[in-house]
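Spelled out, the chains give:
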Amino acid sequence: MIYFDHAATTAPDQEVLEVMARAQELFFGNPSSMHSAGRESRVMVGEARVCIAEYLNCRPSEIYFTSGGTEAINTAVFGTLRKQNIRSVITSRLEHHAVLNAVDAASEFYPFSIHYVRHNAKGVIDTAHLAELLSLNDAALVCLMYANNEIGNLLDVEEVSEICQAEGALLLCDMVQAIGKYETDMQKLRPAFACCSAHKFHGPKGVGLLYASRSARFSPLIYGGGQERGQRSGTENIAGIMGLARAFEAAYRQMQHNRDHISVLKKSFVRMLRERFQGIVFNGTCEEGGLYNLVNVSFPDSYHTDMLLQRLDMQGIAVSGGSACNSGAVSRSHVMEALGAGEEMTTLRFSFAKTNTFGELENCISVLESLLTR
Ligand code: PLP
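Counting restarts for each chain: residues are numbered from 1 in the order of the written sequence. It should be noted that, the model being predicted, local features are given only for residues of pLDDT at least 70 and side-chain atom pairs only at 80 or more, the latter also being counted only at that level, while totals for whole chains, interfaces and linings use all residues. Only hydrogens and water are set aside when side-chain values are computed; all heavy atoms of the structure are taken into account.

Enquirer: Go over the side chain of Thr91 with me, naming the residues and quoting the values.
Expert: With respect to the helices and strands, Thr91 occurs in strand 3 (residues 88-91). Relative accessibility decides the category of a residue: with a 1.4 Å probe and only protein chains considered, values under 20% of the type maximum give buried, values over 50% give exposed, and everything between is partly exposed. Classification of Thr91 by relative accessible area gives buried; the value is 1%. Residue contacts follow a heavy-atom distance rule, with two residues in contact if any of their heavy atoms lie within 4.5 Å. Beyond its immediate sequence surroundings of up to four residues, Thr91 is in contact with Val99, Leu100, His115, Tyr116, Val117, Cys143 and Leu144. Only DSSP runs of H or I covering at least 4 residues are called helices, and only runs of E covering at least 2 are called strands; the numbering of each starts at the N terminus.

Next comes the structure, spelled out in structure tokens:
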């Protein structure tokens, strides 16, 4: 299979699998137990936290392990609305459903107004509009993502943080698609909250973290035995957390090398698509920039585009149409709709990783040619 759907998920690294297998076997003790088996597990979780904090340039106490990006986002949204007197939430129509649906659901319980920051046709967030919205709405929580999972647009997080801080607003930055691909230094980026998911960078599924800066107060979403300093109860996923830490280590160790390799793949793929297919449209900023592993492209209906995703799958090529996070639905995505992309076009998202090769690109292009022009 040619797998070009790494924005949906990645395969765990071999070294991650090994660490996790060892952890399941050796560190089965409950970290809350007082005996040595418990202590050993507690030490492992603590070491993982310290290791990850170094990569994120934050304090270990600012990290809360969760079941992934969705839980981290929900914790930050609901936890902030409960703990603080938030009167407005400012977000964009291009966010992941984890943010949009959490904010919508929260509006049934808490009284706040929702505002959407404008973006242009390429999905570039209008930061002047953000500043304007913040000047009109106090006590705000701003939810904007670092890297868009569908079109790959990158946000200038430092600039957005500065705007938020000038207005006393809290920034929740969804960094799920950025962490592991870029250096994400919390002292530089300065969000109040950020979230991360291991399975997006060759770690295990079902584990991630919420970063909450020391000054950002939030109520827990999950109550119980008081783990994670009372902010996220439940017996720790020791193997998952150790796998997450190892995925961080591997990602940082290989970061420049992977980035160079994947960027070349992406550039070549964009060039090949441009050369071979007339009338295609690259969505977002992916043609000229954006995430270095993601290409989002629409094909006009003059091509044979019916069931394209499924026909690619039958040829052994895994790509995405809508967002795979929406339970694999191929329906028109909310991001494409927000961009006003032509409904008659068929959109594909290709997302690459370190394991992909130039040969796979060439194969994919010739399969595309045969399927689209048949
Ligand atoms: N945010 C973004 C940008 C994502 O791409 C995803 C997953 O696709 C999530 C949040 C949700 O993360 P998780 O799958 O860990 O719940």
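There's plenty left to go through after this.
Enquirer: Before we move on, could you go through unusual backbone geometry and cite the residues and values that matter?
Expert: Not every positive phi belongs to a glycine, and Asn57 is a case in point at roughly 50 degrees. Among the structural elements, Asn57 can be located in the loop between helix 2 (36-56) and strand 2 (63-66). Even without being glycine, Arg190 reaches a positive phi, approximately 50 degrees. Mapped onto the elements, Arg190 comes out in the loop between helix 7 (186-189) and strand 7 (193-197).

Enquirer: Would you mind going over the state of the cysteines in detail, with residue names and values included?
Expert: Any cysteine sulfur atom paired with another within 2.5 Å is treated as part of a disulfide. Inspection of the entire model under this criterion finds 0 disulfides. Cys143 forms no disulfide, and the closest cysteine sulfur to it belongs to Cys164, at a distance of 9.7 Å. Classification of Cys143 by relative accessible area gives buried; the value is 1%. Not part of a disulfide, Cys173 finds its nearest cysteine sulfur in Cys195, a span of 7.6 Å. Judged by relative accessible area, which is 0%, Cys173 ranks as buried.

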